[in-house]
Amino acid sequence: MSTDRKNERRQDYNRPPMGGGRGRGGGWGRPGFGPVEKPKDFKGSWGQIIRYLGAEKVVITFTALLAVASTVLGVLGPRVLGTATDEIFQGLLRMPGGGSINFSRVGNIMLIMICLHAFNIIFNYVQGFIMAGVSMRITYRLRNEISNKIHRLPFKYFDKTSHGDVLSRITNDVDTLSGTLNQGMGQLLMSATAVIGILIMMITISPLLTLVAMMILPASGIIMRFIVKRSQKYFQQQQKSLGELNGHIEEMFTSHAIVKSFGGEKASVEAFDVHNKELYSCGWKANFLSGLMMPIIGFVGNMGYVAIVVIGGAMAVSGSISVGMIQAFIQYTRQFGHPVSQLAGVAAVLQQTAAAAERVFAFLNEEEESPEAANPVAHEHIKGSVEFENIKFGYNQETPVIHSFNAKVQPGQKIAIVGHTGAGKTTIVKLLMRFYDVNSGEIKVDGANIQDYTRDGLRSHFGMVLQDTWLFNGTIEENIRYGRLTATGEEVRNAARAAQAHHFIQSFPESYHMEINEEADNISAGQKQLLTIARTILSDPDILILDEATSNVDTRTELLIQQAMDNLMKGRTSFVIAHRLSTIRSADLILVMKDGDIVEQGNHETLLSNDGVYSRLYNSQFDAVEA
């Protein structure tokens, strides 16, 4: 096979991005609603985020200054407006004596107010626009790094980590970081600046009224703590019940045919009712308790406003404060609660963000595959000889799966690997493909240790057809062309013919342009297997690996595929893992494995005449068929 065709084989497939985002609960201004995942190391996580933001530090500093400037302009508004009120009020008092309102001064104050609000809006918009760009660039970088990291992680990582957890890091956790950078950081600066600025303004207007206003905060804090403490457990129960309900619905939909065939509709509905009632009960309690917070806090706040108005009125009568400053102070009092509640909300979000960052950076710091060889051997052309020398391997060092595996395979030979489940058959294939590296010993291809090849270079010579088929959401033609992206339509169809798939593909209305859905359940299991075989035929590999490739097809199709595979295997080294021993009688060499070792090897006739493990396996299958 030519070098160009080797290089054409696909190493990756870019699927459309999968959605993800925040769950319900919380919000920048609603602290404590819904369970918040806490990080193990809050400071360490934020330290990593800040170091990661180093490339954007100039832009972030500029947007921080804009956010502070915007907030300061907003804080100045009530004070300036209060001077306009004082000017009008004083003018009204002067009227009985022939005085008048200085509308020119009032107009100037209104012009200043317009400018303050205009610049406030402009600064706020500009900093929001810039931070949106920063957060998107950071998100883009993170997703790229995670995507690249996935391809550098060893298979053992995916054996111990669920696919859903990895997906959650790419979508939900990165989205959480993005949302916090886009909204939370600016909101944090603006809220903190607003709290400080408003407090300074209140003190400069009247320390006494400020003391009265601050007395509201402890009362509000106690009420919030009391309600949150009781509502939190119901929000947690709500999330748990929602998860159970969603899990039940998903299970029933994905297993709809089984539920129907066993008459389980009634039991399914009853289980749904139980989950739904639990969700209703805890959801009602959670929302009722949380709904009490704002009215109660509003009532306490209004009591504070009454006290401020009464005391302020007395101070105005005594001449110690102006009417306009009382108006400004009441405005500041009403504004003060908003940034405080936002800060509380942001504090919860920062915890959640730190937890998400911890998961993302933990993933990026995972141990990667062993480094490639410094001077890899050339891999453009191989003959296909394979040698296993004293191979020892275990997924855990304490529990070896392969104890001492030795075998020599000549170029072009068809090698069958048989044995009971758990004997180590698939493990040998994983070692050959360097999905795992051996603990000791060597595997050689064309006389060179496979660890001296690059992984991509080694794998470019292999074609695999597994028992578990994999097809992506796309047309039939695109799925077959995955074996070699630059293949022409005619080459795709020739591969399908060789795999005995052309006939059933043409029976579809859209033929090769039929869309395979995301679950690939709009074609049969056997048809999926035929498409994966066609894909491998199109890739034109030097070494074939067939892991029970015909297990999902009927007997007639199996015979046709077997003939096509025999033609494909001519001149190529082939490893066939088989459970149905009738399919590997023509193998040049049969390796019989038991407990990680080769206990017998030879061709079909030799092994049958030995009356050993292979003979018993072979005869037991035919005895079972006859029975």
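A. Region of the structure containing the overall build of the chain. In terms of regular secondary structure, the chain is built from 20 helices and 12 strands. In the chain, once contacts between residues fewer than 6 apart in sequence are set aside, the share between residues at least 24 apart is 79%. Working note: accessible area of the chain is about 32500 Å², and carbon and sulfur atoms make up 58% of it.

B. Structural view of the confidence of the model for the chain. On average, residues of the chain score 77 in pLDDT, and 88% of them are at 70 or above. In the predicted structure, residues 1-36 sits below a pLDDT of 50 and forms 90 contacts with residues beyond four places in sequence or in another chain.

C. Geometry of the pairing of strand E11 (residues 589-594). With 5 of 6 residues buried, E11 is to be regarded as a mostly interior element. Strand direction decides the pairing type here: strand E3 (residues 414-419) and E11, joined by 5 bridges, are parallel. Bridge pairing in E11 places alanine 416 opposite isoleucine 590. Sheet topology note: the E11/strand E12 (residues 597-602) ladder contains 5 bridges and is antiparallel. From the neighbouring strand, methionine 593 faces E12, where its bridge partner is isoleucine 598. Where E11 folds back on E12, the antiparallel hairpin that results is connected by 2 residues, among which aspartate 595 adopts a positive phi of roughly 55°.

D. A positive patch on the surface, seen in detail. Taken together, the side chains of Arg225, Lys229, Arg230, Lys233 and Lys285 present a region of like positive charge at the surface. Along the polypeptide, arginine 225 turns up in helix H8 (residues 216-254). A residue is classified by how much of its surface remains accessible, and arginine 225, at 65% relative accessible area, is exposed.

E. Inspection of the side chain of histidine 461 at higher detail. Relative to the assigned elements, histidine 461 resides in the loop between helix H13 (455-459) and strand E6 (462-465). Residue histidine 461 is classed as buried on the basis of its relative accessible area, which comes to 1%. In this structure the side chain of histidine 461 is engaged in a polar contact, spanning 2.7 Å, whose partner is the side chain of aspartate 542.

F. Examining the nonpolar core more closely. Counting residues in hydrophobic clusters, the biggest one holds 42 residues, and the most contacted among them are Ile476, Ile480, Ile505, Leu531, Ile584, Ile590 and Tyr614. Broken down by element, this core gets its largest block of residues, 6 residues, from helix H17 (residues 525-539). Setting aside anything within four residues of it in sequence, one finds tyrosine 614 in contact with Val418, Leu581, Ile584, Ile590, Val592, Glu600, His604, Leu607 and Leu608. Membership of the second largest hydrophobic core comes to 35 residues, among which are Ala407, Leu432, Tyr453 and Met593.

Criteria and cut-off values
Residues numbered from 1 in each chain as written. Predicted model: local features only at pLDDT ≥ 70, side-chain atom pairs only at ≥ 80, totals over all residues. Heavy atoms only, no water. Helix = DSSP H or I, 4+ residues; strand = E, 2+ residues; numbered from the N terminus. Contact = heavy atoms within 4.5 Å. Areas by Shrake-Rupley, 256 points an atom, 1.4 Å probe, with all protein chains shown as cover. pLDDT = per-residue confidence, 0-100. Buried < 20%, exposed > 50% of the residue type's maximum accessible area, 1.4 Å probe, protein only. Pairing = 2+ DSSP bridges. Patch = residues over 30% accessible without salt bridge, like charges linked within 9 Å, V, L, I, M, F, W, Y side chains within 5 Å. Salt bridge = Lys/Arg side-chain N within 4 Å of Asp/Glu carboxyl O. Lys, Arg positive; Asp, Glu negative; His and termini not counted. Charge placed at Lys NZ, Arg CZ, Asp CG, Glu CD. Polar contact = N/O pair within 3.5 Å; in protein donor to acceptor, adjacent residues only side chain to side chain. Core = buried A, V, L, I, M, F, W, Y, C linked by side-chain atoms within 4.5 Å.

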